[in-house]
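If you want the building blocks of each chain, they are given just below.
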Amino acid sequence: CCSFECDSAQGGAVVDLFSPISSVIPSAHGAVLAVLARTHEPLSGRRVAALTDGRVGQRRVNDVLGELADAGIVRCERHPPAKLYVLNREHVAAAGVIALASQWEELLRRIRDELVGWQVPPVSACLFGSAARGSAQLDSDLDILLVTDLHDARRESEWQHQVDRLTEQVQAWSGNACEVLELSRDDLAAAAARDDRLVRELRADAITLGGRDIRLLLAT
């Protein structure tokens, strides 16, 4: 049996998996709005800049916050000498901003809903790799592991149809290529016995999408 030590293939991508809103609002405005959409707490310009994880410098953040405040999308609370900013959730644009900032959660929800409807369900399904670690780049794929327990050859055709549909749907939903790794329970057990890098990644970072939690499956 082969060892699962290699990285998945890389493909072109549309959605920035690290900051999905930036795929639609690629300027500093997108990064700032993404930070504000995640909290109801008023934040200083310095704090907003820090929460962009180095994507936008503080001076540019301050300029953007001023522009957004002038447009009414952001509220500015003055606490001399500081200014604190919070997303104006009553603004007509707020719902769209929040939806853009929540694309990652929405993508995971859609994948889970797709798996729930499978006629031949996986033993376990999870996201792994850079997307699960939160270190995905613009050219990163979405890597999904499906653990199977197929003993009926007549169901293999239906299974393959499901997998093909999943990869197509994920790419349609996100613009990112979807790479599916299929392992039998025996394959997974063998990989665990060898302590493959894949197994270490699954234990550390996997995001459950359906079926049994992969960590519980690895423990059996």
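Reading guide: rules and limits
Residues numbered from 1 in each chain as written. Predicted model: local features only at pLDDT ≥ 70, side-chain atom pairs only at ≥ 80, totals over all residues. Heavy atoms only, no water. Axes fitted to C-alpha atoms, helices over the stretch in contact; angles between N-to-C directions. Helix = DSSP H or I, 4+ residues; strand = E, 2+ residues; numbered from the N terminus. Parallel < 35°, antiparallel > 145°, perpendicular 65-115°, else oblique. Left-handed = near helix turned anticlockwise from the far one by under 90°. Contact = heavy atoms within 4.5 Å. Pairing = 2+ DSSP bridges. Core = buried A, V, L, I, M, F, W, Y, C linked by side-chain atoms within 4.5 Å. Buried < 20%, exposed > 50% of the residue type's maximum accessible area, 1.4 Å probe, protein only.

Q: Where do I start with the packing of helix α5 (residues 103-116) against helix α7 (residues 156-174) in this structure?
A: A pair of packed helices is characterised by two quantities: the angle between their axes and the separation of those axes. It is the contact of α5 with α7, at a shortest axis distance of 11 Å, that shows an interaxial angle of 160 degrees. Considered as vectors, α5 and α7 are oriented roughly antiparallel to each other. As for how α5 packs across α7, the hand of that crossing is right-handed. Across from Leu107, Arg110, Ile111, Glu114 and Leu115 in α5, the residues of α7 making contact are Arg165, Leu166, Gln169, Val170, Trp173 and Ser174.

Q: Explain the sheet that holds strand β7 (residues 207-211) here, please?
A: In a beta sheet, neighbouring strands pair by backbone hydrogen bonds and run either parallel or antiparallel. Taken in spatial order, the four strands make up an open sheet running β6-β5-β4-β7, and their pairing is mixed. Of all the strands in the sheet, the pair left with one neighbour each is β6 (178-184) and β7. Geometrically, the sheet is characterised by an average inter-axis angle of 20 degrees between neighbouring strands, direction not taken into account. Of the strands in this sheet, β4 (124-128), β5 (142-148) and β7 are in contact with α5, which crosses β7 at around 20 degrees.

Q: Sorry, what's going on with the nonpolar core here?
A: One recurring pattern in soluble globular proteins is that nonpolar side chains are buried together. Val32, Leu36 and Val48 are the most contacted members of the largest nonpolar core, which has 22 residues in total. Only α1 (28-37), α2 (45-51), α3 (58-71) and β3 (82-87) provide two or more residues apiece to this core. Ranked by the residues each element gives to this core, the list is headed by α1, at eight residues. Other than its neighbours up to four places away in sequence, Val32 contacts Val48, Val61, Val64, Leu65 and Leu68. In this structure, Ile111, Val120, Ala125 and Ile144 belong to the second largest nonpolar core, which totals 21 residues.

Q: Explain the environment of Arg55 here, please?
A: Structurally, the position occupied by Arg55 is in the loop between α2 and α3. Judged by its relative accessible area of 39%, Arg55 is partly exposed. Spatially, the C-alpha atoms of Arg55 and Val32 are 9.5 Å apart, while their sequence positions differ by 23 residues.

Q: Explain the environment of Gln119 here, please?
A: Mapped onto the elements, Gln119 comes out in the loop between α5 and β4. Under the relative-accessibility criterion, Gln119 is labelled exposed at 58%. The sequence separation of Gln119 and Gln162 amounts to 43 residues, and the corresponding C-alpha distance is 8.5 Å. In this structure Gln119 touches Arg155, Glu158 and Gln162, once residues within four positions along its chain are discounted.

Q: Just to check I follow, could you spell out unusual backbone geometry for this structure?
A: Across residues other than glycine, the phi torsion is negative in most instances, and most of the peptide bonds are trans. For the bond running from Pro80 to Pro81, omega is 5 degrees, close enough to zero to count as cis. With respect to the element layout, Pro81 can be found in the loop between β2 (74-79) and β3. In this structure, Asp53 takes a positive phi of about 55 degrees despite not being glycine. In this fold, Asp53 is placed in the loop between α2 and α3. Look at Asp53 and you get exposed, because its relative accessible area is 55%. Here the phi dihedral of Asp195 falls at roughly 55 degrees; this positive angle occurs in a residue that is not glycine. Mapped onto the elements of the fold, Asp195 is located in the loop between α8 (185-194) and α9 (197-205). Classification of Asp195 as partly exposed rests on a relative accessible area of 36%.

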